[in-house]
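So the chains spell out like this:
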Amino acid sequence: MYDRVEVYIDESGDLGFSQSSSKHFVLVAIACCEPNELKRMVRRVKKRRYPQVTRPMEFKFGSSPEVVRRQVCAGIARSDVVIAWGSAFKPNIPAPLRGDKNRLYLNICGMMLPDLTRNIHTRSGNFVLDKWSNSRTVMAR
């Protein structure tokens, strides 16, 4: 049992339903008991691969070079983490959910988080969400 676990949740794709929107929306959660280990790994990769960047930058896995993606995946594989994910194929999403992006986001979280919490034994947790939503429901800690 851990005293505290950090859970990082991020998404890929968008929740729009226009012609230019992605066909999939994916949420991934990484839970770790040693968050500094992951932070150091990401900082090390950024420093080695992007030494010219001095301001804070968001790491975009999909648009990063393959060597960077491999380093990040290897670092995560060496870490003591639990990973869970949930996804939606947007053409199959029912009409009522298409109009409420917060509800859709929370439904996907509801599919993903039971898998995550089933494999974590902790006294407390801190969930860090990407800055996707302005909704208090989604942003609540």
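Residues numbered from 1 in each chain as written. Predicted model: local features only at pLDDT ≥ 70, side-chain atom pairs only at ≥ 80, totals over all residues. Heavy atoms only, no water.

1. Remarks on the overall build of the chain
Scanning the chain from terminus to terminus reveals 5 helices and 4 strands. Taken from the N to the C terminus, the helices and strands of the chain come in the order β-β-α-α-β-α-α-β-α. In terms of its C-alpha atoms, the chain occupies a principal-axis envelope of roughly 45 × 40 × 25 Å. A burial count over the chain gives 30% of its 141 residues as buried. Taking the contacts inside the chain whose residues are at least 6 apart along the sequence as the reference set, 69% of them involve residues at least 24 apart. Just so you have it, the chain exposes about 9500 Å², and 52% of that area is on carbon and sulfur atoms. For the chain, the separation between the mean place of its 24 positive charges and that of its 13 negative charges on side chains is 5 Å. (Helix = DSSP H or I, 4+ residues; strand = E, 2+ residues; numbered from the N terminus. Buried < 20%, exposed > 50% of the residue type's maximum accessible area, 1.4 Å probe, protein only. Contact = heavy atoms within 4.5 Å. Areas by Shrake-Rupley, 256 points an atom, 1.4 Å probe, with all protein chains shown as cover. Lys, Arg positive; Asp, Glu negative; His and termini not counted. Charge placed at Lys NZ, Arg CZ, Asp CG, Glu CD.)

2. Details of the sheet that holds strand E3 (residues 81-89)
Here we have 4 strands laid out as an open sheet, ordered E3-E2-E1-E4, and mixed in their pairing. The sheet terminates laterally at E3 and strand E4 (122-129), the two strands that pair on one side only. Going from strand to strand, the sheet's axes swing by 20 degrees on average, the running direction of each strand aside. Pairing analysis gives 8 bridges linking strand E1 (residues 2-13) to strand E2 (residues 24-32), with the strands arranged antiparallel. If you follow Glu6 over to E2, its bridge partner there is Cys32. (Pairing = 2+ DSSP bridges. Axes fitted to C-alpha atoms, helices over the stretch in contact; angles between N-to-C directions.)

3. Details of the packing of helix H1 (residues 35-49) against helix H2 (residues 66-78)
Where H1 meets H2, the axes come as close as 10 Å, and the angle between the chain directions of the two elements is 160 degrees. Viewed along their axes, H1 and H2 adopt a mutual orientation that is roughly antiparallel. As for how H1 packs across H2, the hand of that crossing is right-handed. On H2, the residues that touch Glu37, Leu38, Met41, Val45 and Arg49 of H1 are Val67, Val68, Gln71, Val72, Gly75, Ile76 and Arg78. Residue composition of the contact of H1 with H2, grouped by class: 7 nonpolar, 2 polar and 3 charged. (Parallel < 35°, antiparallel > 145°, perpendicular 65-115°, else oblique. Left-handed = near helix turned anticlockwise from the far one by under 90°. Nonpolar A, V, L, I, M, F, W, Y, C, P; charged D, E, K, R; others polar.)

4. Remarks on the nonpolar core
Counting residues in each nonpolar core, the largest one holds 19 residues, and the members touching the most others are Val7, Ile9, Leu27, Tyr105, Met112 and Leu116. Those elements that place two or more of their residues in this core are E1, E2, E3 and helix H4 (101-118). For this core, the element with the most residues is H4, which contributes 6 residues. When neighbours within four sequence positions are excluded, Met112 is seen to be in contact with Ile9, Leu27, Val28, Ala29, Ala84, Trp85 and Gly86. Counting 10 residues, the second-largest nonpolar core is a separate cluster that includes Ile30, Cys32, Leu38 and Ile76. (Core = buried A, V, L, I, M, F, W, Y, C linked by side-chain atoms within 4.5 Å.)

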